[in-house]
Every structure is written in C-alpha cells, then in structure tokens.
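One-letter residues, chain by chain:
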Amino acid sequence: MTTKVLAIDDSRTIRNLLRVSLEGAGFEFHSAEDGQEGVEVFPDVDPDVVITDINMPRMDGFGVIESLRSGPNKTNVPILVLTTESSDDLKSRARESGATGWIVKPFDDASLVSVLKRLTGHVG
C-alpha cells in the first residue's frame, strides 16, 4: 500500500520539488495551492500525512492545522510544517495547534523523506 502525502503550499516551485522528491521515494503525492484548498481536498485525498506551509493566501498553515484537528475533518494524521519561518514562538503555536513536526526551507530531500517515513511507517 502506497503512503499518500498531501502537500499544501502556495509556491508552485516548492510543490514541484516535493512531487519529484516524494514520488521518487515511493510516496503517492497530492497537492493544494493554499490552505483553503488543502482543507477542501483533504477528505477526498485521505492522506497518511500532510505537509503544510505557514504563510499562504486564503488560509494560512495554522488555519489548516486547526481545521484538520478540530473541524469536520477532525483527524490524527501527522501534520508536518514546511516553511521559511523559524521562530520559536511560531513553532510553539504550531505544536499547540496540533502540528507533528517542523522543517525549515530549504529542505534536504533525504531528511524530509526520512521524517515522512518515520511519521507514517512507510517502508516502500
């Protein structure tokens, strides 16, 4: 069974980098271009893990985390924040909202894949 990843980021470049990296590592890749779209497609994708940026139009990453943790889509799916932000206050806010982890861009492919495999138990 393939592990499904939903990546939410307003940067097409980042979404494409993630697609190449994660599909090459055997993940099934889905994406959304902002938080609102990510929350909307979440039930259809039914991902095993979510990667979200923080700074996005329409709904930021905190809104995504809070919506997925407490809204109608309530889930325990791991949520990894992938962002240029690195302040301890924002990391703390994300953890309190329900984020599982935090990686600062630019990301290293091997490290990201390793974290996702650990979070999902992915072996393929």
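Residues numbered from 1 in each chain as written. Predicted model: local features only at pLDDT ≥ 70, side-chain atom pairs only at ≥ 80, totals over all residues. Heavy atoms only, no water.

According to UniProt, the feature "domain: Response regulatory" (unreviewed entry) maps to residues 4-120 in the numbering used here. Across residues 4-120, the secondary structure splits into 48% helix and 20% strand, with the terminal C-alpha atoms separated by 9 Å. (UniProt positions renumbered as here; feature names shortened; annotations may be inferred. Helix = DSSP H or I, 4+ residues; strand = E, 2+ residues; numbered from the N terminus.)

Right, let's talk about the environment of Asp-109 for a bit. Relative to the assigned elements, Asp-109 resides in helix H5 (residues 109-120). On the basis of relative accessibility, which here comes to 41%, the residue Asp-109 falls in the partly exposed class. Between the alpha carbons of Asp-109 and Leu-18 there is a distance of 8.3 Å; along the sequence they are 91 residues apart. (Buried < 20%, exposed > 50% of the residue type's maximum accessible area, 1.4 Å probe, protein only.)

We now examine the pattern of salt bridges. For the structure shown, the criterion picks out four salt bridges. With a closest N to O distance of 3.3 Å, Glu-23 and Arg-19 form a salt bridge. With Glu-23 and Arg-19 both in helix H1 (residues 12-24) and four residues apart, the pair spans about one turn of that helix. With a closest N to O distance of 2.9 Å, Arg-58 and Asp-34 form a salt bridge. Of the two residues, Arg-58 sits in the loop between strand E3 (49-52) and helix H3 (61-70) while Asp-34 sits in the loop between strand E2 (28-32) and helix H2 (35-45), which places them 24 residues apart along the sequence. Classification of Asp-34 by relative accessible area gives buried; the value is 6%. In the salt-bridge network here, residues are joined through shared partners; they are Asp-9, Asp-53 and Lys-105. (Salt bridge = Lys/Arg side-chain N within 4 Å of Asp/Glu carboxyl O.)

Counting 20 residues, the largest nonpolar core has Ile-8, Val-50, Val-64, Val-81 and Ala-94 as the members making the most contacts within it. Going through the elements one at a time, strand E1 (4-8), H2, H3 and strand E4 (79-83) are the ones with two or more residues in this core. Per-element tally for this core: the top contributor is H3, with four residues. Apart from the residues lying within four places of it in its own chain, the contact partners of Val-50 are Leu-6, Ile-8, Phe-42, Leu-68, Val-77, Pro-78, Ile-79 and Leu-80. In terms of nonpolar packing, the next biggest core, distinct from the first, is built from 18 residues, Ala-7, Phe-29, Leu-80 and Ile-103 among them. (Core = buried A, V, L, I, M, F, W, Y, C linked by side-chain atoms within 4.5 Å. Contact = heavy atoms within 4.5 Å.)

Moving on to unusual backbone geometry. A cis geometry characterises the amide bond from Lys-105 onward to Pro-106, with omega recorded as 0°. Looking at where Pro-106 falls in the secondary structure, it is placed in the loop between strand E5 (101-104) and H5. Unlike most non-glycine residues, Arg-58 shows phi in positive territory, near 65°. With a relative accessible area of 62%, Arg-58 lands in the exposed category.

Of all five residues in E4, five are buried; the element is thus mostly enclosed. In this fold, the crossover linking E3 to E4 by way of H3 has right-handed handedness. Running through helix H4 (residues 88-97), the crossover from E4 to the neighbouring parallel element E5 is right-handed. (Right-handed = clockwise from strand over helix to strand, strands pointing away.)

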